[in-house]
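# Summary of structural features
Single-letter residue listing:
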Amino acid sequence: MLRYLNRLQQRDLSLTTSMIPLGSCTMKLNATSEMIPVTWPGFAALHPFVPADQRRGYDRLFATLEAWLCDLTGFAACSLQPNAGSQGEFTGLLVIRAWHRANGQEQRDVCLIPGSAHGTNPASAMMAGMQVVVVRCDDDGNIDLGDLRAKAAQHADRLAALMVTYPSTHGVFEEGIRDICDAVHEHGGQVYLDGANLNALVGLSSPGFLGADVCHLNLHKTFCIPHGGGGPGMGPICVAAHLAPFLPGHPLVATGGDKAIGPVSAAPWGSPAILPISWAYVRMMGREGLREATEVAILNANYVARRLHGHYDVLYKGPEGFVAHECILDTRPFKASAGIEAVDIAKRLMDYGFHAPTMSFPVAGTLMVEPTESEAKEELDRFCDAMIAIRDEIRAVEEGRLPKGDNPLEQAPHTAAAVTADTWDRAYTRDQAAFPAAWTRDHKYWPPVSRVNDLHGDRNLVCTCPPIEAWAE
Amino acid sequence: MTAFPRTDDFVSRHLGPRRAQYGEMLGLLGLDSLGDLVARAMPARILSGRELGLDHAHGEQQVLEELASIAAENRVWRSYLGLGYHGTRTPPVILRNVLENPGWYTQYTPYQAEISQGRMEALLTFQTMVLDLTGLEIANASLLDEATAAAEAMALAHRVAKGKDRGRFLVSDACHPQTIEVVRTRAEPLGFEVAVGPVADFAFDDEVFGCLVQYPDTHCRVADLRGLCERAHAAGALVACAADPLALVLLEAPGRLGADIVVGNTQRFGVPMGLGGPHAAYMATRDEYKRQIPGRIIGVSVDADGRPALRLSLQTREQHIRREKATSNICTAQVLLAIMASMYAVWHGPEGLRAIAERIRGQVGALGEALRRLGWRSEEEAFFDGLELSGGPLDQAEVRRRAEAKEINLRYLARARCRSTSTRPSRTATSPTSTRSSAATRPTSTSPPRPAASGPCRPGWPARTRSSRTRCSTGTAARPRCCATSTGCSRGTSA
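Description of the structure in this document. Worth saying up front: this structure is predicted, and the values here are computed from it rather than measured.

## Considerations on helix α7 (residues 117-134) of chain B
All names here are of chain B. When the terminal C-alpha atoms of α7 are compared, their 25 Å separation across 18 residues agrees well with the 26 Å that a helix rising 1.5 Å per residue should span. Across the 18 residues of α7, 17 count as buried, placing the element largely inside the fold. Phi for G135, located one or two positions after α7, is positive at around 75°.

## Here's the deal with the side chain of S116 of chain A
Note on placement: S116 of chain A falls in the loop between β2 (110-114) and α6 (120-127). Setting aside chain neighbours within four positions, we find S116 of chain A in contact with C137, T169, H170, F361 and P362 of chain A.

## Focus on the pairing of strand β9 (residues 297-302) of chain B
Residue and element names in this part refer to chain B. The buried fraction of β9 amounts to five of the six residues, a majority that puts the element mostly inside the structure. Examined bridge by bridge, β9 and strand β10 (residues 308-313) share six bridges and lie antiparallel to one another. In the sheet register, V302 faces β10, and the bridge partner there is P308. Between β9 and β10, which pair antiparallel one after the other, the connecting turn spans five residues, and G306 there sits at a positive phi close to 85°.

## Thoughts on the sheet that holds strand β9 (residues 327-330) of chain A
Residues and elements named next belong to chain A. The antiparallel open sheet is built from four strands, whose spatial order is β8-β9-β11-β10. One side of each edge strand has no neighbouring strand; the edge strands of this open sheet are β8 (313-314) and β10 (358-359). Here β9 pairs with strand β11 (residues 366-369) via four bridges, running antiparallel. The residue of β11 that forms the bridge with C327 is V369.

## Section: the state of the cysteines
Residues and elements named next belong to chain A. Inspection of the entire model under this criterion finds zero disulfides over all chains. Free cysteine C181: the closest other cysteine sulfur is in C215, separated by 11 Å. In this model C327 remains outside any disulfide bridge; the closest cysteine sulfur is found in C384, 8.5 Å from its own. Assessed through its relative accessible area of 1%, C327 is described here as buried.

Reading the values: the criteria
Residues numbered from 1 in each chain as written. Chains lettered and ligands numbered in written order. Predicted model: local features only at pLDDT ≥ 70, side-chain atom pairs only at ≥ 80, totals over all residues. Heavy atoms only, no water. Helix = DSSP H or I, 4+ residues; strand = E, 2+ residues; numbered from the N terminus. Expected span 1.5 Å × (residues − 1). Buried < 20%, exposed > 50% of the residue type's maximum accessible area, 1.4 Å probe, protein only. Contact = heavy atoms within 4.5 Å. Pairing = 2+ DSSP bridges. Disulfide = S-S within 2.5 Å.

Structure below.
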């Protein structure tokens, strides 16, 4: 069993291999000391509905963590119940809805969402019974304030909320955020701030200060809960005082506000077993450390952006030429110049031992890099060196030194089986395929399969283990 | 200041660049200080200028000690509370090499298929296991919890039921209470009417798009779903069923009894209870609804060399592409916990799972028999892992007192006949001396046992190498000997 588990593990690239520069996902350090308490029986072995006097430790953990998260967000109250960022969005909108209803404003059901929003935003709004109205973004990726004002005014009677991500999904601190919040409030709406990018705010600003009424926090991004390969996560929400009475309740355990909306998760505090991770992080960083983490996250992103300057265009920057905690690399021109797309760069990075940045979000055909504060300068340099070397490979295709199609980008990733096969009839060398950078000779991650055919899989849908024969060589 | 400052500073370990390198990095940007950077990158208007109220940093060792003291304030009793959560043994090989292993917990969602083959193989096993247990045709790679999975099942039923005007969803009053309430929360903004009542009273008409039942139900009863499914289908409605996967090792699969959607919590497949999570819920449904199922699905494709390779299937369903047309906002799910559950099944194998399930049922059966001899009544003819008891020689307060003296949690029902319940909190209040009020909710018949799940499907997947040492899943991690039936289990689970 141990060998089987280890074999599977070695097929995956995790943070134990290299940096995972996924924009908007905040793949920062998940320190072992933060993880250790998770499996202590004192946290792990409690049934969710034990009598209250058996969970006094948890109650202390919840109370302190809630207070800290309120301090960090500039809000008055917190619910730990939502189990993911998307659930936080849904919960926050339900709380806003309940507040409108309590004020006799049941007709307020319009939710303004910028075109740059993450796809979960409109989905959550739909689930909360709201009608989505899309607000335009300008050429710099910022919310078009004129369009926002017009739409807020147009729907003034029905305006329920604006959902806005800050810093924006484009990785920019928008100048006008406070005006945006004011405009929504003027027309009777509430502001939901999507905390996906809170990593760039902690200790320097806060959703409450910016004028929002509710936000969620992805504890699995900003507060160090590991991503687990696609969960668990947690998406608690913090709210301003006027929304506190509506925080979600639970049928079996007293929690939430005195006019609580119904539960949004099976368990009253979502996933308590992983809260010690965020608790430990905040405690070990302290107020100065958290602020420094934000500053270094911004430093690292700008360092990467600057090192890649001249090789790739950074799509959006603030007025003084700086990005926030992530940057979008424009890889769209290579389609015309070399037939190379973002996906080819993403797959080629695997040969260099890296996970790709976020692909095609929020802008199709681009790559979004978020180094986080936890990556060392040496790792950032290695990543930048890889990206620059890939740019040279693209140039070789542009200049005809490598053919279209038969080049290390479009053929990536390269498995050990492919480069050690008896026949090799490609236009580039095996060495170039598998060892494109010096460090790959010291530490090589071998992709276990070559490029996966997406179309074939959807046309011939098989979602169970195939019969043994299928795996035979 | 102290003469001997602590040496377990964490901040410098969390931050990648050394402070001595800031200058060089800032130099590349033409800046002098971090403050300078903030001033140039962030609009002045958004800086709050407020110092956080948090404490200064605590050392790494100091915080571990503090958390240990917090954990010690929690008391770990033996819980037979049921309600969808159960003591379980995490096989040590899974505890240390999956749950506590950064090689498994630090990956991102498998968007880059080529470098995610390991966990996708584990998730494919999860899906295969779910289909095997539920008797259905397509499963996703986990949802957040059983209650939200039930709500997703409701939404799925509404999307696929014939006739767009249908707006009512029937929910059995024998579902777990938290499931019923989460379903209500999710139904209300969508404009669905949720009608909660006994399954026997379900009235299917052309308003009803579906129903939800629990299997075994929250009173530990096992009902035959066939009659219900026939009634529902005749009226054009779907049947969603929340099912305990360990019970399904012995019971007939809901999909074979006619259920259209099956959801549940895989927590008791080796995942610690953790006061409620995280655990992986599952969802399975019929092939014809595969483009409607929420969440992520792992599928088999081929790579450029023509060999089998795994990937996320049917990505076009996801909300990041469909946006306003999205039907679910599910994004992050519970991959790590689904992998644990899947590896639990691999570790025990079909015979091992069957042995665990039979052991539980055998123990509960023996316990029920013994308690009946002592004068207790339990009306279940068909049960899996719990009993609802009434009419015994002790009143509920006395049962509670004795159970608590042994650090045992039982679920005490609110519908108590004895007076003492009035002094108890109503929601989890007592009573082995209570009785279910309605004879109409009596179970029908025991579903026929069926063969256990079939075996691993890939060469090299280990068969169980140890026969008995790790078989018992029926304890809590903290109490290795809790499999004994001598504990006074009134109702609940994992005897």
